[in-house]
Amino acid sequence: MGTRGRFEEGDNGICPKSYDGGYINGSYVREAYQYIGKRQAMPDEANFIAHTTNWLPLTVTVGGERFRMARSAFSEYERVLDMRSATLTRTVLFETSAGEQTRLTFSRLVSYADRHTSAIRLTVEPLNHTSEIRVCASLDGRTGNGVYVKHEEAGEVLFSAADGGRADLLKKLPSTGQYFMTSCLLVPDVECETDADAEAPFNPCVSATFTPVAGQSYRFDKLVTTHTSRDCGHPHGLVPKG
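Residues numbered from 1 in each chain as written. Predicted model: local features only at pLDDT ≥ 70, side-chain atom pairs only at ≥ 80, totals over all residues. Heavy atoms only, no water.

**Remarks on the state of the cysteines**
Disulfides are covalent bonds that link the sulfur atoms of two cysteine residues.
So, step 1. Across all of its chains, the model carries one disulfide by this definition.
So, step 2. The residue that forms a disulfide with cysteine 136 is cysteine 205, at a sulfur-sulfur distance of 2.3 Å. Of the two residues, cysteine 136 sits in strand 10 (residues 133-138) while cysteine 205 sits in strand 15 (residues 205-210), which places them 69 residues apart along the sequence.
So, step 3. Residue classification places cysteine 136 among the buried residues on the basis of a relative accessible area of 10%. (Disulfide = S-S within 2.5 Å. Helix = DSSP H or I, 4+ residues; strand = E, 2+ residues; numbered from the N terminus. Buried < 20%, exposed > 50% of the residue type's maximum accessible area, 1.4 Å probe, protein only.)

**Comments concerning the packing of aromatic side chains**
Any pair of aromatic rings gets described here by the distance separating the centres and the angle formed by the planes.
So, step 1. Across all of its chains, the model carries four aromatic pairs by this definition.
So, step 2. Summarising the aromatic geometry, the rings of phenylalanine 210 and tyrosine 218 are spaced 4.8 Å apart at their centres and angled 55 degrees between planes, so their arrangement reads as tilted. Here phenylalanine 210 matches tyrosine 218 in class, with each residue buried.
So, step 3. An aromatic cluster is built from Phe210, Tyr218 and Phe220, whose rings are joined through pairwise contacts.
So, step 4. In this structure, arginine 90 is placed above the aromatic ring of phenylalanine 106, and the distance from its NZ or CZ to the ring centre is 4.5 Å. (Phe/Tyr/Trp six-rings, centres within 6.5 Å; stacked < 30°, edge-to-face > 60°. Lys NZ or Arg CZ within 6 Å of the ring centre and 35° of its normal.)

**Overview of the sheet that holds strand 9 (residues 117-126)**
So, step 1. Strand order in this open sheet of eight strands is 6-7-8-9-16-13-12-11, and the pairing throughout is antiparallel. Every other strand in the sheet has two partners, leaving strand 6 (73-82) and strand 11 (156-163) as the edge strands with one partner each. When the angles between neighbouring strand axes are averaged without regard to direction, this sheet yields 10 degrees. (Pairing = 2+ DSSP bridges. Axes fitted to C-alpha atoms, helices over the stretch in contact; angles between N-to-C directions.)

**Focus: the pairing of strand 10**
So, step 1. With five of six residues buried, strand 10 is to be regarded as a mostly interior element.
So, step 2. As defined by bridge partners, strand 4 (residues 58-62) adjoins strand 10 across five bridges and the pair is classed as antiparallel. Bridging across to strand 10, valine 60 finds its partner in valine 135.
So, step 3. When strand 10 meets strand 15, the two strands line up antiparallel, connected through six bridges. Residue pairing across strands places alanine 137 opposite valine 206, the latter belonging to strand 15.

**A closer look at the environment of leucine 56**
So, step 1. One can find leucine 56 in the loop between strand 3 (45-51) and strand 4.
So, step 2. Between the alpha carbons of leucine 56 and aspartate 140 there is a distance of 8.1 Å; along the sequence they are 84 residues apart.

**Brief notes about the sheet that holds strand 14 (residues 193-197)**
So, step 1. Read from one edge of the open sheet, five strands run 5-4-10-15-14, paired in antiparallel fashion. At either end of the open sheet lies a strand with only one pairing partner, and these are strand 5 (65-66) and strand 14.
So, step 2. Sheet topology places strand 14 next to strand 15; five bridges connect them, and they run antiparallel. Across the sheet, residue aspartate 197 finds its bridge partner in strand 15, namely cysteine 205.

**Some remarks on the pattern of salt bridges**
So, step 1. In this structure the tally under the stated criterion is nine salt bridges.
So, step 2. Residues arginine 219 and aspartate 221 are paired through a salt bridge, measuring 3.9 Å at the closest nitrogen-oxygen approach.
So, step 3. Among the charged side chains, a network of salt bridges with common partners joins Glu8, Glu9, Arg90 and Arg108. (Salt bridge = Lys/Arg side-chain N within 4 Å of Asp/Glu carboxyl O.)

**Quick word on the nonpolar core**
So, step 1. Counting residues in hydrophobic clusters, the biggest one holds 30 residues, and the most contacted among them are Leu58, Leu104, Leu122, Leu186 and Phe220.
So, step 2. Not counting residues within four places of it along the chain, the set of residues in contact with phenylalanine 220 comprises Ile120, Arg121, Leu122, Val124, Val135, Leu186, Val187, Pro188, Val190, Cys192, Ala208 and Phe210. (Core = buried A, V, L, I, M, F, W, Y, C linked by side-chain atoms within 4.5 Å. Contact = heavy atoms within 4.5 Å.)

Here it is, written out as structure tokens:
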């Protein structure tokens, strides 16, 4: 399992040609080759590794102002890929239009020990304020392989739910009949008011809101699991269509 190195809150136009991407070995889309002149040995179809679900989205709102790298005022930016620990860590000091300063640290990994597991740890440290902070974790199934190949859409949503700090998204790839289920759990280390939104079937979301103490750090873990039809007794990753 792998993912692109996009920002957790999305790039919001920083790099228009950069795409979200979550990929699983053995999950693919199929489409017919188009030839001007087809010869006998040329294949009729091609297979492409599928974009499954983008599990990265994790947003932070301070005093009603959402952090975005493309639009927010920030300083002390650093991003480090640690090849030894296999973690990607980003640190930034976010300042709202009201002057509220909050240090944010995002650290993510895809587990080598458990191939179904990935995680993001967010550390929030308000430096000079006690304004309300909201952290939102979601699963984004809206981007399909139509960005990369010609015909495949984002997939068919079979089940979508968000409740109690957990979000789930079950999708099917139309061209191959493969299924994949992605779930995430938002675990804060502080007492929060929680909420959930499953009205958008491609984008279930859970959130946690709290009032901080200036100078204190708070941790939010987004734990993600992904399973496919290959894990459910279909060794070739295929299930009957329909």
